[in-house]
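# Chains, contacts and geometry: an overview
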Amino acid sequence: MQTITVNASRSYCVQIGPGLLDRVGELSAPLVQGRKAAVVSDSNVWLLYGTQVERSLTQAGFQVSVFQFPAGESSKNTATLLELLTFLAREGLSREDPVFALGGGVTGDMGGLAAALYLRGVPCIQLPTTLLAMVDSSVGGKTAVDLPEGKNLVGTFTQPHLVLCDTLTLQTLPAPVMAEGWAEVIKYGMIRSPELLQRLAGEDPAGDLEWVIAHCVTIKRDVVGIDERDTGERQLLNFGHTIGHAIERCGGYSIYHGEGVAMGMAIMTRACVREGLCPKECWTVLESLLNRFHLPQTCSMDKKGLLEAARADKKRRGDSITLIQPQKIGTCVLNKTDYGELSRILERGMGA
Ligand code: NAD
Ligand code: GLY
């Protein structure tokens, strides 16, 4: 079991290890005053883990109510958010009563946003059940839902009270969902950690998942500790995301987030190598890891459509955009530039 403390506008622990869902009640009860607990979960995850979590919360003295929504990114919208907020009000949750987000990044983002908005903020406890959510979305306080105009356009920065990553839940993850989590893990290696890249290239990268998750969370803890509101250093965590989000949007959100990120990292890295901005090794290392984890590296979508979708991305600042570009193995840098540059990157990086 590993515990990592995040020091941001709120300090909280991220615990990583097997069997934590059985201890949700016991571990969260001392952190909150209220005893009404709302569990938010999607239709798949609730079936798998709902009873276990409900039992643990009930044993710790919580009165539990459950909000379920259809699994998938297409539920991460303002309509479901409004249903969830209405549910919290009808259940009579007070400001002290916690919301538990049990599921992947979709559940965490939407449950976290509802907790941030309802009564101007109630405690949120993140119970991530995908690799992606454990290494990335449950930590750092970004909450959001999508608009038809783009991803994550409505959201807040609101830190959770606790994050419990039960590694046993990863055993039921479908292979493509596990793979997209590996895309975010590779991202951490590319931006900050040659050590992680080496480990991923080694004999059994999935052999010590607890180490991998803790390593990524530690990187995220360090970055969020310096730049909680994404005005500088934190933007490094968006490596692959500007293009990735555009790909997701142009694909009507039928492409997993991690797959979009994988293609985004590949396009950016190929372009940077071709422009002489980083050594070729950056691409060969990334390429072999994307292959290893069965992640896509090419995208045949229309470049103009992608550019338009990227313009709607919330990461733009006026007419400028910050691109995250590899500089050497395990290091990326921020490049504040314009859309002409992004168009060039797409031109140079999209071909295999
Ligand atoms: P997801 O929540 O949709 O989960 C993917 C699929 O896996 C779903 O069908 C879900 O029901 C299923 N699932 C989840 N846990 C399972 C388990 N243990 N066993 C079996 N099935 C399980 O998607 P995701 O990939 O976890 O997250 C993607 C979302 O995260 C995107 O919306 C993205 O924008 C967001 N995100 C947010 C941040 C942030 O900082 N807030 C960071 C990265 C990604
Ligand atoms: N996933 C990007 C961030 O948390 O900033």
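Along each chain, residues carry numbers from 1 onward, in the same order as the chain's sequence is written. In the order they appear in the text, chains get letters beginning with A and ligands get numbers beginning with 1. Per-residue local features of the predicted model are confined to residues with pLDDT of at least 70, and side-chain atom pairs are confined, for both listing and counting, to 80 or more; whole-chain, interface and lining totals are unaffected and use all residues. The basis for the side-chain values is all heavy atoms of the structure; hydrogens and waters are excluded.

## Remarks on the state of the cysteines
Sulfur atoms of two cysteines make up a disulfide when they are within 2.5 Å. Applying the stated criterion across every chain yields a total of zero disulfides. With no disulfide of its own, C124 lies closest to C165 among cysteine sulfurs, the gap being 13 Å. Classification of C124 as buried rests on a relative accessible area of 6%. Counting only cysteine sulfurs, C216 is the nearest neighbor of C165, a cysteine outside any disulfide, at a range of 11 Å. Whether a residue is buried, partly exposed or exposed follows from its accessible area with a 1.4 Å probe, protein chains only, as a fraction of its type maximum: under 20%, in between, or over 50%, in that order.

## Looking at the packing of helix α10 (residues 257–274) against helix α11 (residues 280–292)
Note on geometry: axes are C-alpha line fits, over the in-contact stretch for helices, and angles between N-to-C directions span 0 to 180 degrees. Helix and strand labels come from DSSP, where a helix needs a run of H or I of at least four residues and a strand needs a run of E of at least two; each type is numbered from the N terminus. At a closest axis distance of 8 Å, the pairing of α10 and α11 adopts a crossing angle of 155 degrees. Considering their axes alone, α10 and α11 lie roughly antiparallel with respect to each other. Once α10 is placed against α11, the crossing between them reads as left-handed. For the pair α10 and α11, contact is made by A262, M265, A266, T269, R270 and V273 and by K280, C282, W283, L286 and L290, respectively. Counted by class, the contact of α10 with α11 contains eight nonpolar, one polar and two charged residues. Oblique is the label for any angle not covered by the other classes, which are roughly parallel (under 35 degrees), roughly antiparallel (over 145) and roughly perpendicular (65 to 115). Left-handed is the label given to a crossing in which the near helix is rotated counterclockwise from the far helix by less than a right angle, and right-handed is the label when the rotation is clockwise. Note on definitions: a residue-residue contact is assigned when non-hydrogen atoms from the two residues lie within 4.5 Å. Polar here means any residue outside two lists: the nonpolar Ala, Val, Leu, Ile, Met, Phe, Trp, Tyr, Cys and Pro, and the charged Asp, Glu, Lys and Arg; Gly therefore counts as polar.

## Points about the site of ligand 1
Any residue with a heavy atom positioned within 4 Å of a molecule or strand is treated as near that molecule or strand. Neighbouring ligand 1 are 29 residues; D42, E73, T130, T172 and E180 lie closest to it. Throughout this description, a polar contact denotes any pair of N or O atoms lying within 3.5 Å of each other; where both atoms belong to protein, one of them has to be capable of donating a hydrogen while the other can accept it, and for residues adjacent in sequence the pair is counted only when both atoms sit in side chains. Between ligand 1 and the protein, one listed contact pairs a nitrogen atom with a side-chain N or O atom of T129 at 2.8 Å. Measuring from a nitrogen atom of ligand 1, one finds a backbone N or O atom of K142 at 3.0 Å. Here the accessible surface of atoms and residues is derived via Shrake-Rupley with a 1.4 Å probe, and residues count as covered only by protein chains that are part of the display. Within the complex, the protein chains bury 93% of what would otherwise be the 860 Å² of accessible surface of ligand 1.

## A few points about the packing of aromatic side chains
Here a Phe, Tyr or Trp ring, Trp counted by its six-membered ring, pairs with any other such ring whose centre lies within 6.5 Å, and the pair is stacked when the planes are under 30 degrees apart, edge-to-face when over 60, and tilted otherwise. Under the defined criterion, the tally for this structure stands at three aromatic pairs. With a centroid separation of 5.9 Å and an interplanar angle of 80 degrees, the aromatic rings of F62 and F100 are classed as edge-to-face. With F62 in the loop between α2 (43–59) and β4 (63–69) and F100 in strand β5 (residues 99–103), this pair connects stretches of sequence that are 38 residues apart. The exposure class of F100 is buried, given its relative accessible area of 0%. Taken together, a centroid distance of 5.5 Å and an interplanar angle of 55 degrees make the contact between F67 and F87 tilted. With F67 in strand β4 and F87 in helix α3 (residues 78–90), this residue pair connects regions lying 20 residues apart in the sequence. This pair shows no difference in class: F67 is buried, exactly as F87 is. Here R35 stacks its cationic end above the ring of F62, 4.8 Å away from the centre of that ring. The rule for a charge over a ring is simple: NZ of Lys or CZ of Arg within 6 Å of the ring centre, and within 35 degrees of the ring normal.

## Considering the pattern of salt bridges
For this document, the term salt bridge refers to a Lys or Arg side-chain nitrogen within 4 Å of an Asp or Glu carboxyl oxygen. Evaluation of the coordinates by the stated rule reveals 15 salt bridges. With its nearest N and O atoms 2.2 Å apart, the salt bridge here joins E233 to R192. Here E233 is found in the loop between α8 (209–226) and α9 (241–250), whereas its partner R192 is found in helix α6 (residues 175–192), with 41 residues between them in sequence. R192 sits in the partly exposed class, given a relative accessible area of 32%. A salt bridge links R348 to E275, with the nearest nitrogen and oxygen atoms 2.8 Å apart. One end of the pair, R348, is in helix α13 (residues 339–349); the other, E275, is in the loop between α10 and α11, and 73 residues separate them in sequence.

## Description of the side chain of T130
Counting through the fold element by element, T130 comes out in the loop between β6 (124–128) and α5 (131–137). The exposure class assigned to T130 is buried, which follows from its relative accessible area of 12%. At 3.0 Å, the side chain of T130 forms a polar contact with the backbone nitrogen of A133. What T130 contacts, discounting residues up to four positions off in sequence, is G103, G104, G105, L170, L173 and V177.

## So, the pairing of β4
Pairing of strand β3 (residues 36–42) with β4 involves seven bridges; the strand directions are parallel. From the neighbouring strand, V40 faces β4, where its bridge partner is F67. Convention used here: a crossover is right-handed provided that the path from the first strand, over the helix, to the second strand proceeds clockwise when the strands point away from the viewer. Assessed by its sense of winding, the connection that carries the chain from β3 through α2 to β4 is right-handed. Only strands that DSSP links by at least two bridges are regarded as paired with each other.

## Let's talk about unusual backbone geometry
Even without being a glycine, D230 presents a positive backbone phi close to 65 degrees. Among the secondary structure elements, D230 is positioned in the loop between α8 and α9. Of note, the phi angle at Y253 is positive, near 60 degrees, even though the residue is not glycine. On the secondary structure map, Y253 appears in the loop between α9 and α10.

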